[in-house]
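Spelled out, the chains give:
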Amino acid sequence: MNRIERNHLLKEWIFKRSAYSMALAIIDIDKQTVAPSGGNAYRDERAAFLAGELFSIETDESMLPVLEEMQNDEEEEPYLRRAAFLYQKEMRKTLCIPKDEFVALEELKSVSYTKWLEAKRNNDYTIFEPYLKKIIEAKKKVYAYRNDTKDLYDQMLDDFEPGMNQEKYDVFFNALKEKLVPLIQKVTEAKQIDDHFLFEEYPVEEQKKFMDHLLQYLHFDPQWGYQNETEHPFTSWTCENDCRTTTKYLVDNVMSAIFSTVHEVGHAYYEHDCDPRFDGMILSDGISSGMHESQSRLCENYLGRRKSFWEYNYPYLQKQFPQQLKDISLDTFMKAVNVSRPSLVRTEADELTYPMHILVRYEIEKGLFNGSISVEGLDQTWADMYEKYLGVRPVNASEGILQDVHWSCGEFGYFPTYALGSAFAAQFVKKMQEEIAVDDLLSNNHYDTVIEWLKKNIHQYGCMYDADEIMQKATGASFDVNVYIEYLTRKYTELYDL
Ligand code: ZN
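Criteria and cut-off values
Residues numbered from 1 in each chain as written. Predicted model: local features only at pLDDT ≥ 70, side-chain atom pairs only at ≥ 80, totals over all residues. Heavy atoms only, no water. Helix = DSSP H or I, 4+ residues; strand = E, 2+ residues; numbered from the N terminus. Rg over C-alpha atoms; globule rule 2.2 N^0.38 Å. Contact = heavy atoms within 4.5 Å. Lys, Arg positive; Asp, Glu negative; His and termini not counted. Charge placed at Lys NZ, Arg CZ, Asp CG, Glu CD. Donors = N, O, S within 2.8 Å, 3.2 Å for Na, K, Ca; no water. Tetrahedral: all angles 85-135°; square planar, octahedral: opposite > 155°, others 65-115°. Buried < 20%, exposed > 50% of the residue type's maximum accessible area, 1.4 Å probe, protein only. Axes fitted to C-alpha atoms, helices over the stretch in contact; angles between N-to-C directions. Parallel < 35°, antiparallel > 145°, perpendicular 65-115°, else oblique. Left-handed = near helix turned anticlockwise from the far one by under 90°. Nonpolar A, V, L, I, M, F, W, Y, C, P; charged D, E, K, R; others polar. Core = buried A, V, L, I, M, F, W, Y, C linked by side-chain atoms within 4.5 Å. Arc of directions from axis to C-beta. Pairing = 2+ DSSP bridges. Phe/Tyr/Trp six-rings, centres within 6.5 Å; stacked < 30°, edge-to-face > 60°. Lys NZ or Arg CZ within 6 Å of the ring centre and 35° of its normal. Salt bridge = Lys/Arg side-chain N within 4 Å of Asp/Glu carboxyl O.

Participant: Teacher, can you tell me more about the overall build of the chain here?
Facilitator: Across its full length, the chain holds 21 helices and 3 strands. Since a compact globule built from 498 residues should have a radius of gyration of about 23 Å, the 23 Å found for the chain is in line with a globular shape. Expressed as lengths along the three principal axes of its C-alpha atoms, the size of the chain is roughly 70 × 50 × 50 Å. Taking the intrachain contacts of the chain between residues at least 6 apart in sequence as the baseline, contacts between residues at least 24 apart amount to 72%. Across the chain, the centroid of the 55 positively charged side chains sits 1 Å from that of the 85 negatively charged ones.

Dropping the structure here:
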C-alpha cells in the first residue's frame, strides 16, 4: 500500500467514526438536558443502533494493517503515528474478546446498573451484592483474553491512567494516608468555620444572572461553548469548536452551581484547546482520566477557591444577593468556601477530605481483585474504613457503599484517577505561579491568560504524550505527591489556625 492510499483510508475511517460520535454525543447531551422523557424508548433504540454501527467501524479489523504500517513509517507525521498507535491499542483491547462474551458483559452491566439503582432506593446492599460479584467475575474473564502477564488490577488501573499501577498508587495513597488522616483529625477538632450563610435561600433565577457574569469572567466563549442544566453535571465535546457543559442549581446552596461550572469549564478548555489538527481524532480526548480531572480541579479548587478570583467576582455575587451577603466580608466568604468537614458522600466532599474517599475505594478495589476483601458484607467493610480514615460512619447503604454508580457499570480502576488529578493540579499550579502572576491576573479579569498557560503547557498536546511526559514538559520534574500534601497542609493549617 502506498502512503497516499494508506492515509486516505485512515482519513476516511476517522471521518466516519467522528460523524457517528458527533451524532451520538448530541443525542446524549440532548437526552440529559432538555429532551422530553416521553421520547426515551424510541430515542434509546435508535441511539443503540447508531452505537452498534459505530462499534463496527471502531473494531474494523481491516484497519489493523493500516495502523500498523502508519506507526512504523518513520517519515510520517509524528502526530499521525501517535494516533495510529493509540487507535491500535484501543482496538486490540476490544478485538481480543469473543463477541458473545462482549455482548454478555454489556447485558450484565445493564442489569447490574438497574439492580444498583433498586438497591440504592431501597437502601439495601444485599440486592446489589450478587450482581457486584457477577460483574467482578465477568471482568476477570474478559481481561483474561488479553493474555497480559501483568496483574489484573494493574491492567485496569492502566486503562484509565496509562503508566500507573498498584506499586505507584500505593506510594501515593500511603503518603496521603500518613499525612492527611492526622491533619483531618486536627481540623475536625479545631474551631469550626461558620458557613451557614451559603446555605440560605438563593433563588435560582438570581443565581442564573450571576452565572452569566461568571461565564464571561471564565471567557467561556459562546462561539465554541454552551452551558445547559442537568441532574449530574458533565462536559461533552461534540465537534470542532462546539463544547457543551452543564451545571445544576440548588436553591439552598449557592456555591454548588458556581463550582460545578468552574470545574466543567476546566474540562471544556482541555479538549477545546488541543492542537486543531487533532480535532475529531483520538488525540483530542485528553491523555488520561487523571489528567482530565487535573484540569477541571485546577480550575475549581486552585483558581476558583482563591482569594484573588473572588476579589474580582465577590462584589458581583454580593450585588446579586444583597440580603444574604451584605454583612459578609470577603474574608469571611473565603473561609466559608474553603471549609473542610468530613462527610459521607464523595461528590459533596471538600478539597481536604476528598482524597480519603478515594483511598477507601482504592483499598477496596485492590482487595476485591487480590482476594483479601470479599463482596459479602462489603457494606460493613466500607463503613469501617470511613470510620478509620474520616471519622464518620454511614448508617445506611445509600450514603455508604451504594452512593457511586461506577462499580455497577464494571468500572474498576477509575476512582484513583480522581485523587491523582488533584495532585497533578497542585504541581502544575506551583510551576504556573513561578511563571505568571496568577493572583494579579485573576483579580484583574484575566482568567483567559491563566488558561493560556495551561494551553501552552498541557492542553495543546492532547494525547500526543503520556501524562508523565506532560508533567515533565510542563514542570521540569516527574510527578511528586509531596507538592500536593504540602499545599493541603499549608492551606488548612492557616485556615484553621492549627
Ligand atoms: Zn470532572
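Right, picking up where we left off after that structure.
Participant: I tried to follow the coordination of the zinc ion on my own but got confused; where do I start?
Facilitator: Around a metal, the ideal angle is 109.5 degrees if four donors adopt a tetrahedral arrangement and 90 or 180 degrees if six donors adopt an octahedral arrangement. Looking at the zinc ion, one finds its protein donor set to be His263 (NE2), His267 (NE2), Glu293 (OE) and Glu293 (OE), positioned 2.1 to 2.8 Å from the metal centre. What the 4 donor atoms of the zinc ion show is an angle range of 48 to 126° at the metal, which sorts the shape as irregular. Spacing between the donor residues of the zinc ion along their common chain follows H-x3-H-x25-E. Here His263 is found in helix H10 (residues 254-272), whereas its partner Glu293 is found in helix H11 (residues 289-303), with 30 residues between them in sequence. Using a relative accessible area of 9% as the deciding quantity, one classes Glu293 as buried.

Participant: When you look at the packing of helix H1 (residues 3-33) against helix H3 (residues 64-72) in this model, what are you seeing that I'm missing?
Facilitator: Relative orientation and spacing of two packed helices are given, respectively, by the angle between their axes and the distance between those axes. As a packed pair, H1 and H3 sit with axes 10 Å apart at the nearest point and diverge in direction by 120°. Put simply, H1 runs oblique to H3. Considering how the two elements wind past one another, H1 and H3 form a crossing that is left-handed. Two secondary-structure elements touch here, H1 through Arg6, Asn7, Leu9, Leu10 and Trp13 and H3 through Val66, Leu67, Glu69 and Met70. Across the contact of H1 with H3, the residue classes tally to 6 nonpolar, 1 polar and 2 charged.

Participant: When you look at the nonpolar core in this model, what are you seeing that I'm missing?
Facilitator: Across soluble globular proteins, nonpolar side chains have a tendency to be buried as a group. Counting residues in hydrophobic clusters, the biggest one holds 157 residues, and the most contacted among them are Leu132, Trp310, Leu317, Phe333, Phe428 and Tyr447. Excluding its chain neighbours within four sequence positions, the residues that come into contact with Leu132 are Tyr125, Val375, Leu378, Trp407 and Phe412.

Participant: Mind showing me how you'd approach H3 here?
Facilitator: All of the buried residues along H3 are Leu64, Val66, Leu67, Met70 and Gln71. End-on, the buried residues of H3 take up no more than an arc of 160°, which puts them together on one face. Looking at the buried side of H3, the elements it contacts are H1 and helix H4 (78-95).

Participant: What exactly am I supposed to notice about the sheet that holds strand S1 (residues 225-229) here?
Facilitator: Through backbone hydrogen bonds, the strands of a sheet pair up, either in parallel or in antiparallel fashion. Reading across the sheet, the 3 strands line up as S1-S3-S2 and stay open at both edges, with mixed pairing between neighbours. Two strands bound the open sheet, and with one partner strand each, they are S1 and strand S2 (235-239). Adjacent strand axes in the sheet meet at a mean angle of 25° when their direction is disregarded. With 5 bridges connecting them, S1 and strand S3 (residues 242-247) associate as parallel partners. Bridging across to S3, Asn228 finds its partner in Thr246. Across the face of the sheet, H1 comes into contact with S1, S2 and S3 while running at roughly 140° to S2.

Participant: How should I be thinking about the packing of aromatic side chains in this particular structure?
Facilitator: Each aromatic ring pair is characterised by the separation of its centres together with the angle its planes make. Going through the model one piece at a time under the given rule, you end up with 35 aromatic pairs. Each ring, one from Tyr113 and one from Trp116, has its centre 5.7 Å from the other, and the planes form 35°; the classification is tilted. Pair noted here: Tyr113 and Trp116 are both in helix H5 (residues 99-122), with a separation of 3 residues, about one helical turn. Centre to centre, the rings of Trp382 and Trp407 are 6.1 Å apart; their planes meet at 85°, and the pair counts as edge-to-face. A residue pair is termed long-range when its members are at least 10 positions apart, and Trp382 in helix H16 (residues 378-390) and Trp407 in the loop between H16 and helix H17 (416-435) qualify at 25 residues. Residue Trp407 is classed as buried on the basis of its relative accessible area of 5%. Arg46 extends its terminal NZ or CZ atom over the ring of Tyr42, reaching a point 3.8 Å from the ring centre. Above the ring of Phe415, the side-chain terminus of Arg361 is found at 5.4 Å from the ring centroid.

Participant: It is not clear to me how the packing of helix H12 (residues 307-320) against helix H14 (residues 330-337) should be interpreted in this structure. Could you clarify?
Facilitator: Between H12 and H14, the least distance of the axes is 11 Å, while the angle of their chain directions is 110°. Overall, the two elements H12 and H14 adopt an arrangement that is roughly perpendicular. Judged by the sense of rotation from one axis to the other, the crossing of H12 with H14 is right-handed. Contacts from Lys307, Trp310, Glu311, Tyr314 and Leu317 in H12 reach Leu330, Asp331, Phe333 and Met334 in H14. Each residue belonging to the contact of H12 with H14 can be placed in one class, and the counts come to 6 nonpolar, no polar and 3 charged.

Participant: In this structure, what is going on with the pattern of salt bridges? I would like to understand it.
Facilitator: As a working rule, side chains carrying opposite charge can pair if their charged atoms are close by. In total, this model carries 39 salt bridges according to the counting rule given. Notably, a salt bridge pairs Lys109 with Glu106, separated by 3.2 Å at the nearest N-O pair. Placement of the pair is Lys109 and Glu106 together in helix H5, with a separation of 3 residues, close to one helical turn. Classification of Lys109 by relative accessible area gives partly exposed; the value is 21%. Glu106 gets classed as partly exposed once you look at its relative accessible area, which sits at 35%. Here the residues in one salt-bridge network are Arg3, Arg6, Glu69, Asp73, Glu75 and Glu76, joined through shared partners.

Participant: Before we go on, may I ask you to explain the pairing of S2 in this structure?
Facilitator: If a strand is regular, its side chains alternate between the two faces of the sheet. Across 4 bridges, S2 lies against S3 in antiparallel orientation. Counted as the bridge partner of Trp237 is Cys243 from S3. What sits between S2 and S3 in their antiparallel hairpin is a turn of 2 residues, with Asn241 showing a positive phi close to 55°.

Participant: Please clarify how the environment of Glu206 should be interpreted in this entry.
Facilitator: Its location among the elements puts Glu206 in helix H9 (residues 204-217). Considering only alpha carbons, one finds Glu206 and Cys409, 203 residues apart in sequence, at a separation of 37 Å. When neighbours within four sequence positions are excluded, Glu206 is seen to be in contact with Gln320 and Phe321.

Participant: For this particular structure, what's the right way to read the side chain of Thr246?
Facilitator: Mapped onto the secondary structure, Thr246 falls in strand S3. In contact with Thr246, other than residues within four places in its own chain, are Thr33, Gln227, Asn228, Thr230, His232, Pro233, Phe234, Ser260 and Glu264.

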